[in-house]
Structures are given as structure tokens and as C-alpha cells.
Amino acid sequence: MPRSKVSVALTCAAAVSLLSACVAGPAPANLDTSVYAPGQVAWNGSHQPQGDWISQAPVARGAPTCSRSVPRELNTHRRVAPASFLDRTPPLGAGDRLDVAILGDDDRLSGTYVIESDGSMAVRGQAPVQAAGLSISALTQTLRAQLVRQNVVRPLQNAVRVALIENAGVSVSVGGAVFQPGAVRAGERNPESRIGLSEGAVSGDDNVTRTIAGAIRAAGGVRPDADVGRIYLLRGGTYAEFDLTGFLHGWTSRDVSLSSGDRIIVPSRTCFDPELVRPTPLTAPGIRVFMSNLTRSAMNNAGAAIGHQTTSLPYGTRFLQGLVTANCVGGTFMESDRRAVLISRNPINGQSIVIERDIEQLVRNANRDGLNPYLMPGDAIACYDSRWTNFREAVGLVSEAVNTATPAILLDSAL
């Protein structure tokens, strides 16, 4: 076959191959048990891609039903009334700042002291004493006894005075239905919120974030399946159950000050509660979402105006609002046939799920909320080109191929 005919044949084959790419690919396949939130499954008649659902266990598709269980860790602890924690001032801990005043001292021993990381505190010129775990009154008596033994002060009742200046943050553990379980610092302060640095002499402190709610927020906030009416605080060999639903509705809810080493367990109800998908004192104020929008008009994320600020969204944002933020909605009619996928993960069992939606159908459908799931922290959004955009790309590439082959055809004819 002459070289000119070979070139034309290859060009035509490339055109057929490129034009065949305009057909939409199959919808993603998922496990039945990966469904976590409402709106993740498209119902029949919704004109949305269904995909294959693989049954790994006999569980129906859709958000799981609610159930309650008691954490096993509680079996080794003794239950006490919440009042035993509510009515008790938390003991001193590492990092707490104290004002120590010695009767008759000319500021040689008196001053501001900080409890060391090992829990000890030492008055200048004296051996350290264990301060962590003690109350203010107990530490006062310990210091007074030490200074009396050393003949530094007389055995008077008011020879030593200790006052709290600032409660530091404490290390606690948060587990269960939170987005970032593990060890956290509750009540940690930045330099601007430190007590007694600019006000001068002060006494007393109320660290409002060194609480159960503050620790939960430090652990990423509760998940939508959390049981906020049964939150457990474990301290030593005891535990108490607390109802913090008041934080969700603006009711009065007594929080508990924490001590170093406390443990918090947030049980799961194994079902999705939309009331927990909004900013509250127990939930995250915002989330980070990964985005990708690689269209013909935006060859990279920078061109699509996707940056650090765009991927930070308020908690409670839905899939469609996220698509608008990623600039996947709107444009010319030629690009209205676009599709998008949401990549999420079921936090209860760790299984991932990929949800595909026809963007234009999602915009036009009156029942969109049933197809428009909430975005969770760490989710990912990706937008695909429309069939018309792919067709335009294919035609353009074929035209370039034909133009490239023309000199070869002319050269073959000349030979």
C-alpha cells in the first residue's frame, strides 16, 4: 500500500478511537456496606448513574439503622454519679501557673511558679515537691510543712499562701465517634489568651476549653453517628455518663473540667444524624475537601481557581455546593453534560465509597437533597469533561493529525 494511503488510514483510525472516547464510562461499583449517609445511593428513576452494588454482607443499601451499645472499656471501671466530677475542682497539673506568697518574705521566695512536666514544683532554694494531682489547699499545706521544717517560716496558719493564676492545657484521650480519635491537648492556649501576662496580678482561672466539649473539638468534633446523649468520662478507676445534647440546641449543659490522663469515649449510634452536620460546640466549624477540576477551559487546578481557601468549606456543605466551589457548575451549554464523583469513606467500618452524579440533572432535580449527600472531612471531589467537550477535543486532535499527515501525502505524490 502507498505511504499516502497508510497515513490517511492511520488518521481515520485515530479519529474513530478518539470519538469512541466520547461515550461515558461505567458508573463506579461499591460495597453495600460502604453506605454511610443519606443521598449516597441514587434511586431508580432519578436519572443518575447507579453503578454496581456488591453485597459483602446481608445489609440493605441506604443509611444504617440506629443501635446503641455500651463500650467494653467500661466493664473494668466503677460507675459514679456525674455530680462527683461536676462538683469537684480538677487537680493541678503540669504547666499550671501559681502565685506563691510567703509571709514576711521580701520577694526572695515569693513569686510566680510553673508546675514542671514531671508534676513537681520547687520554691527557690528548696527541694521540689509533687504538685500535680493535688488541690490548691493540699499544695499549700505541703509547702508550709516543708518551709517550717527548714526553719524558713514560723508555724503560722497563714505562713504560706498559694493562688492559681492559670490552668494550662491537659493531655487527654478521646475515642469513639469523633473524626480524629487519639491523644489531644484540651485547653491549650495561645500567647494572646494567656492569663496574668498583661493584666498584672490575678488570682483564679476558668479555662473554658479544658472541658469535655473542648477535648471533643480538639479531636475533630463528633461524627454524625455519635451519641451525644451518652458521653463517658473515665478518670482513674471510675467513669460517669454525661448528656451534652444541650450544646446542639442552645440549652444549658454543664460541662466538666478535665484533668491530665482523663479518657473520653463518644459512642456511635451507627446511624446518620443530620442535626450533627453543622457547626456546634461539639462539631467541627469547617472541613477540608480535596478537589480536582481538569476541564478543557481549566487545564489545571490553578486555572480553575482551586486553592487553599476554596477547599476549606463550612461544615454542613453538600456535594452540589462543593461542585460550585470547584467551578464544575455553569459555563456554556456545550459543557452542561458534565459528571462528577464524590470519594468518601464510611467512618464506622473504614470502607470507601465513590458516588457519581450527573451535574446538570442534580441541579435540575427537585428532589436533589436525596441525591446530594453532605461532605465529610477528607472527602474528595473530581469533575469529568462533558461528552461535547470530549468530542471537541477529539475533532481537534484529528484535525491536527490530518494537517501533520498532509506534507507526507504531498511528498509521496511527488515521488
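Residues numbered from 1 in each chain as written. Predicted model: local features only at pLDDT ≥ 70, side-chain atom pairs only at ≥ 80, totals over all residues. Heavy atoms only, no water.

In this section: the sheet that holds strand 5 (residues 111–114). Within the open sheet, the 3 strands sit side by side as 5-4-8. Their pairing is antiparallel. On the outer flanks of this sheet lie strand 5 and strand 8 (160–166), each paired with one strand and no other. Neighbouring strand axes in the sheet, compared pairwise and without regard to direction, differ in orientation by 30 degrees on average. In this sheet, strand 5 lies alongside strand 4 (residues 97–102) in antiparallel orientation, the contact comprising 4 bridges. Across the sheet, Val100 pairs through a bridge with Gly111, a residue of strand 5. Contacting strand 4 and strand 8, helix 3 (residues 136–149) crosses the sheet at an angle of about 140 degrees to strand 8. (Pairing = 2+ DSSP bridges. Helix = DSSP H or I, 4+ residues; strand = E, 2+ residues; numbered from the N terminus. Axes fitted to C-alpha atoms, helices over the stretch in contact; angles between N-to-C directions. Contact = heavy atoms within 4.5 Å.)

The next subject is the pattern of salt bridges. The full count for this structure, using the stated rule, is 13 salt bridges. Across the salt bridge formed by Arg68 and Asp227, the nearest N and O atoms sit 3.2 Å from each other. With Arg68 in the loop between strand 2 (53–54) and strand 3 (78–79) and Asp227 in the loop between helix 4 (212–218) and strand 11 (231–235), the pair connects residues that are 159 residues apart, well separated along the chain. Given the relative accessible area of 58%, Arg68 is considered exposed. Linking Asp99 and Arg161 is a salt bridge whose minimum nitrogen-to-oxygen distance equals 3.0 Å. (Salt bridge = Lys/Arg side-chain N within 4 Å of Asp/Glu carboxyl O. Buried < 20%, exposed > 50% of the residue type's maximum accessible area, 1.4 Å probe, protein only.)

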